[in-house]
Amino acid sequence: MRKTQIEPWNESWNGIYYAESSIISSLLEKEVIEIHHIGSTSVKQIGFAKPIIDILVVVKNVINIDKYNEQMEIIGYTPRGENGIANRRYFIKGGEQRTHHVHCHQTGDERINAHLFFKRYMIEHPNEARAYGELKRRLAVQFPDNTHLYQDGKEEFVNDLVRKSKEWAELQGE
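A brief look at the structure comes next. (Residues numbered from 1 in each chain as written. Predicted model: local features only at pLDDT ≥ 70, side-chain atom pairs only at ≥ 80, totals over all residues. Heavy atoms only, no water.)

Overview of unusual backbone geometry
The line we're drawing: Counting from the N terminus, the helices are DSSP H or I runs at least four residues long and the strands are E runs at least two residues long.
In this structure, Asn83 takes a positive phi of about 50° despite not being glycine. If you trace the backbone, Asn83 turns up in the loop between strand 5 (77-79) and strand 6 (88-93). The phi dihedral of Asn87 is positive, around 65°, even though this residue is not glycine. Counting through the fold element by element, Asn87 comes out in the loop between strand 5 and strand 6.

What follows is the structure, given as structure tokens:
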């Protein structure tokens, strides 16, 4: 089982994202519409994150991404298909020592905005972002050897933040 590793936010994560997103954009260029850095490594205000870069790739047709599995493997990614989320294509890099997660969603998928609204909400609401970061840090200390219990421990808090971010985005006219 993977260890739960949490680190203070690090500016280098943005550079790592840009380098990797450039490679992925080139590889998937016929399908890519947009690419975004998401997750806690993309939000300084959270303060703590697992050192795994989450990349959201908005694509024309998510089914076509399956054709790129072999090329993604060549650059170090393991294809995971939908991995429990319908109409997503998910890739991990680094095996047990993960470094990147790639989430591909077809344009128009509501999960795209959910990810982007969450990120913007965290940036615009630094007190809530810090509270989330502190929860992550506490859970990592509590469950250092069980990422599943770590994830379970933050699920309710994250679901509440997702709901708030959607409501906030609606108030912003999104």
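Some remarks on the pattern of salt bridges
Here is the rule: Should a side-chain nitrogen of Lys or Arg be within 4 Å of a carboxyl oxygen of Asp or Glu, the pair is scored as a salt bridge. Under the scheme applied here, a residue whose accessible area is under 20% of the maximum for its type counts as buried, over 50% as exposed, and between as partly exposed, the area being computed with a 1.4 Å probe on protein chains only.
Within this structure, the stated rule accounts for 11 salt bridges. Of the charged contacts, one joins Arg111 and Asp109 as a salt bridge, the two residues approaching to 2.6 Å between their closest N and O atoms. Asp109 gets classed as buried once you look at its relative accessible area, which sits at 15%. When salt bridges with common partners are traced through the structure, they connect Glu128, Asp160, Arg163, Lys164 and Glu167 into a single cluster.

Notes on the nonpolar core
Rules: Nonpolar core, defined: a set of buried Ala, Val, Leu, Ile, Met, Phe, Trp, Tyr and Cys residues in which side-chain atoms within 4.5 Å join the residues together.
In terms of nonpolar packing, the biggest core is built from 20 residues, with Ile24, Leu28, Ile55, Val57 and Val102 touching the most fellow members. When residues of this core are traced back to their parent elements, those giving at least two are helix 1 (12-27), strand 2 (32-38), strand 4 (53-59) and strand 7 (100-106). The element contributing the most residues to this core is strand 4, with four residues. Core analysis: the second largest hydrophobic core is formed by 10 residues, Val43, Phe118, Tyr132 and Val158 among them.

Here we look at helix 5 (residues 147-171)
Quick note on the threshold: In this scheme, a helix's expected span is set at 1.5 Å multiplied by one less than its residue total. Note on bend: the value at a residue is the angle between axes fitted to the seven residues ending there and to the seven starting there. Throughout, a residue-residue contact means that at least one pair of heavy atoms, one from each residue, lies within 4.5 Å. Here a polar contact is taken to be a pair of N or O atoms separated by no more than 3.5 Å, where protein atoms must pair a possible hydrogen donor with a possible acceptor and residues adjacent in sequence count only if both atoms sit in side chains.
Taking 1.5 Å per residue, 25 residues should reach 36 Å; helix 5 reaches 35 Å between its end C-alpha atoms and fits that length. At Glu155, helix 5 shows its strongest bend, of approximately 45°. Residues of helix 5 that are buried include every one of Thr147, Tyr150, Lys154, Val158, Leu161, Ser165, Trp168 and Ala169, and no others. Close packing links the buried residues of helix 5 with helix 3 (110-124) and helix 4 (126-142). The backbone nitrogen of His148 has a side-chain oxygen 3.0 Å away, supplied by the residue at the start of helix 5, namely Asn146. Once helix 5 ends, the next one or two residues include Gly173, with phi positive near 85°.

Quick notes on the packing of helix 3 against helix 4
Selection criterion: Orientation is described by axes fitted as lines to C-alpha atoms, over the contacting stretch for helices, and by angles from 0 to 180 degrees between their N-to-C directions. Roughly parallel covers angles under 35 degrees, roughly antiparallel covers those over 145, roughly perpendicular covers 65 to 115, and oblique covers all other angles. Residues are grouped as follows: Ala, Val, Leu, Ile, Met, Phe, Trp, Tyr, Cys and Pro are nonpolar; Asp, Glu, Lys and Arg are charged; all remaining types, including Gly, are polar.
Running from N to C, helix 3 and helix 4 point in directions that differ by 105°, and their axes come no closer than 5 Å. When the interaxial angle is binned, helix 3 and helix 4 end up roughly perpendicular. Contact residues: helix 3 offers Phe118, Tyr121, Met122, Ile123 and Glu124, while helix 4 offers Pro126, Glu128, Ala129 and Tyr132. Its residues assigned to classes, the contact of helix 3 with helix 4 comprises seven nonpolar, no polar and two charged.

Observations concerning the packing of helix 3 against helix 5
When two helices pack together, their arrangement is given by the angle between their axes and by how far apart the axes lie. Remark: helix 3 packs on helix 5, axes separated minimally by 9 Å, with the N-to-C direction vectors making an angle of 90°. With respect to helix 5, the element helix 3 is oriented roughly perpendicular. Note on element contacts: helix 5 touches helix 3 through Val158, Leu161, Val162, Lys164, Ser165, Lys166, Trp168 and Ala169, opposite Phe117, Phe118, Arg120, Tyr121, Met122 and Glu124. A per-class count over the contact of helix 3 with helix 5 returns nine nonpolar, one polar and four charged.

Everything listed here is a matter of geometry and, on its own, says nothing about what the molecule does.
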